[in-house]
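Examination of the molecular architecture
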Amino acid sequence: MNNHKLNSVISSSPLGERMPIGQARGSFIDTHTHIDGEEFKDDLDEVVARAKEAGAIQLLCPGINYDSIATIKAVCERFPDFIHPMIGLHPEDVKEDYKEVLDKMHLEIRNDNYIAIGEVGLDYYWSREFEKEQLDAFEQQVQWSIETQLPLMIHCRKAQNEMVKIIRRYEKELPGGVFHCFTGNQHEATELLQFEKFVLGIGGVSTFKKSHLAEDLAAVVPMDRIVLETDAPYMAPAPYRGERNESSFIPFIIEKLALAYGTSNEEIADTTTATAKRVFRI
């Protein structure tokens, strides 16, 4: 992405004129950003600087496979106390060799200061080719969460029934976690809220023109049961939909949620930050 264009959009958009980045929004935590990815290799320092200017106090970086361990460590070492690592095998990365990969990752868990097991879960959106393998991999990583008492960062697409069944089996022993990228309806939100130690991760979809997510959340989800996330570089909020996402865009999510909940941007920022600190113990 052209950085000049990006900065111009931020400064000239109607929302930017009304409330410039870093002002009157409060501090926030981006609980899910793949900032270790190739998409940020050319301007990582600038992306981090924009995040801090916008109010970010911490960024949480989920793992997706064994190779991501190295890239996540690199960005966390580059920005200590600001970017924090997770470790996990993403469901779309579960293949024939998943048991060997999990064995290597399990050995790695105690070698660094990971704050969560993630990004893990189930994804049957594109294919059910590795359905049984995904179920087994997810359950093993749920057991890691119990073993380490690290919270879970859960990815779930087209598999909520299967996911809920596994979480319910271990609910009493689990430390909690986040149902990442929640985009469901009021009924689905209510079902997930039954797991009292878990919260919903809310991102850019809440700002999309045809989305009713923010209003559905305000109807059934207490404010202290949500955390903010980007899933960067994916799922950029309006007005940047279709562009590379980054943590500095979270204030647009905050504003949308504040309107839906009938409260201030600062209250959304402060409440979600307190929730993230509680869930991840940071």
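Along each chain, residue indices are assigned from 1 in the same order as the chain's sequence is written. Only residues with pLDDT of at least 70 get local features here, since the model is predicted, and only at 80 or more are side-chain atom pairs given and counted; chain-wide, interface and lining totals rely on the full set of residues. In computing side-chain properties, one takes all heavy atoms of the structure into account and sets aside hydrogens as well as water.

**A few points about the packing of aromatic side chains**
The test is simple: To pair, rings of Phe, Tyr and Trp, with the six-membered ring standing in for Trp, must have centres within 6.5 Å; the planes then decide the type, stacked if under 30 degrees apart, edge-to-face if over 60, and tilted in the middle. Each residue is placed in one exposure class: buried if its accessible area under a 1.4 Å probe, protein chains only, is under 20% of its type's maximum, exposed if it is over 50%, and partly exposed if it falls in between.
Under the counting rule described, the total for this entry stands at 6 aromatic pairs. Between tyrosine 125 and tryptophan 126 the ring centres are 4.8 Å apart and the planes differ by 90°, which places this aromatic pair in the edge-to-face class. By relative accessible area, which is 42% here, tyrosine 125 ends up partly exposed. Ring centres of tyrosine 240 and phenylalanine 252 lie 5.4 Å apart, and the angle between their planes is 75°; on these two criteria the pair is classed as edge-to-face.

**Considerations on the sheet that holds strand β4 (residues 116-123)**
Formally: A strand pair is defined by DSSP finding two or more bridges across the two strands. The numbering of helices and of strands both runs from the N terminus, where a helix is a DSSP run of H or I of at least 4 residues and a strand a run of E of at least 2. Angles shown run from 0 to 180 degrees and are taken between the N-to-C directions of axes, each axis being a line fitted to C-alpha atoms and, for helices, limited to the stretch in contact. We call two residues in contact when some of their heavy atoms are within 4.5 Å.
Taken in spatial order, the 8 strands make up an open sheet running β1-β2-β3-β4-β5-β6-β7-β8, and their pairing is parallel. Each of the sheet's edge strands pairs with one partner strand only, and the pair in question is β1 (28-30) and β8 (226-228). Direction aside, the axes of adjacent strands within the sheet are offset by 30° on average. In this structure, strand β5 (residues 152-157) lies alongside strand β6 (residues 177-179), joined through 3 bridges in parallel fashion. Pairing of leucine 152 across the sheet is with glycine 177, part of β6. Along the sheet, helix α6 (residues 131-148) makes contact with β4 and β5, crossing β4 at roughly 155°.

**Comments concerning the environment of alanine 54**
Tracing the backbone shows alanine 54 in helix α3 (residues 44-54). Taking the relative accessible area as the measure of exposure, alanine 54 reaches 1% and is therefore buried.

**Remarks on the nonpolar core**
Put simply, the rule is: Note on terminology: a nonpolar core comprises buried Ala, Val, Leu, Ile, Met, Phe, Trp, Tyr and Cys residues joined through side-chain atoms within 4.5 Å.
Membership of the largest hydrophobic core comes to 73 residues, with the highest contact counts inside it found for Ile35, Ile83, Ile167, Leu200 and Leu257. Sorting elements by how many residues they give to this core places helix α10 (residues 250-261) first, with 6 residues. Those residues within four positions of isoleucine 83 in sequence are excluded, and the remaining contacts are Ile35, Val48, Leu59, Cys61, Val75 and Cys76. With 12 residues, the next largest nonpolar core counts Ala116, Val227, Ala276 and Val279 among its residues.

**Re the packing of α6 against helix α7 (residues 160-170)**
Our working definition: Should an angle fall under 35 degrees it is called roughly parallel, over 145 degrees roughly antiparallel, and 65 to 115 degrees roughly perpendicular, with every other angle called oblique. Each helix crossing is assigned a hand: it is left-handed if the near helix lies turned anticlockwise from the far helix by less than a right angle, otherwise right-handed if that turn is clockwise. Amino acid classes used here: Ala, Val, Leu, Ile, Met, Phe, Trp, Tyr, Cys and Pro are nonpolar; Asp, Glu, Lys and Arg are charged; the rest, including Gly, are polar.
Here α6 crosses α7 at 30°, and the two axes come no closer than 11 Å. Taken together, the axes of α6 and α7 are roughly parallel relative to one another. In the packing of α6 onto α7, the handedness of the crossing is right-handed. Where α6 approaches α7, its residues Leu135, Phe138, Glu139, Val142, Gln143 and Ile146 are matched on the opposing element by Glu162, Met163, Ile166, Ile167, Arg169 and Tyr170. Classifying every residue of the contact of α6 with α7 by side-chain character gives 8 nonpolar, 1 polar and 3 charged.

**Overview of the pattern of salt bridges**
Filter applied, for reference: Any Lys or Arg side-chain nitrogen found within 4 Å of a carboxyl oxygen on Asp or Glu counts as a salt bridge.
This model, assessed by the stated rule, comprises 15 salt bridges. Across the pair arginine 50 and glutamate 246 runs a salt bridge, and its minimum N-O distance is 2.8 Å. Here the residue arginine 50 occupies a position in helix α3, and glutamate 246 occupies one in the loop between β8 and α10, the gap between them amounting to 196 residues. Given the relative accessible area of 8%, arginine 50 is considered buried. Here glutamate 246 falls in the buried class, since its relative accessible area comes to 1%. Across the pair arginine 169 and glutamate 139 runs a salt bridge, and its minimum N-O distance is 2.8 Å.

**Regarding the pairing of strand β7 (residues 198-202)**
The side chains of a regular strand alternate, residue by residue, between the two faces of the sheet. Spelled out, the test is: A clockwise course of the path from the first strand over the helix to the second, judged with the strands pointing away from the viewer, identifies a crossover as right-handed.
Among the 5 residues of β7, 5 are classified as buried, and the element is accordingly described as predominantly covered. Note: β6 against β7, 3 bridges, orientation parallel. Bridge assignment links valine 178 to a residue of β7, and that residue is valine 199. Read from β6 through helix α8 (residues 186-193) to β7, the crossover connection turns out right-handed.

**What about a negative patch on the surface?**
For clarity, the threshold we go by: Residues qualify for a patch when their relative accessible area is over 30% and they have no salt bridge, like charges being joined within 9 Å and the nonpolar side chains of Val, Leu, Ile, Met, Phe, Trp and Tyr within 5 Å. For the accessible areas, the method is Shrake-Rupley and the probe is 1.4 Å, while residue cover comes only from the protein chains on display. In this tally, Lys and Arg are treated as positive and Asp and Glu as negative; His is ignored, and so are the chain termini. Working definition for charges: the position is that of NZ of Lys, CZ of Arg, CG of Asp or CD of Glu.
Negative charge collects at one region of the surface, where Glu96, Asp97, Glu100, Asp103 and Glu129 lie side by side. In this structure, glutamate 96 sits in the loop between β3 (83-87) and α5 (98-108). Taking relative accessible area as the criterion, glutamate 96 reaches 65% and is therefore assigned exposed.

**As for the confidence of the model for the protein**
Our working definition: The predictor rates its confidence in each residue with pLDDT, a number between 0 and 100.
In this model, the protein carries a mean pLDDT of 92, and residues with pLDDT of at least 70 account for 91%. Residue range residues 1-24 is modelled with pLDDT below 50. Its contacts to residues more than four positions away, or to other chains, number 33 contacts.

**As for the state of the cysteines**
Condition: The rule for a disulfide is simple: a pair of cysteine sulfur atoms within 2.5 Å.
According to the stated counting rule, one finds 0 disulfides in the structure shown. For cysteine 61, which is in no disulfide, the shortest distance to another cysteine sulfur is to cysteine 76 and amounts to 5.9 Å. What makes cysteine 61 buried here is its relative accessible area of 0%.

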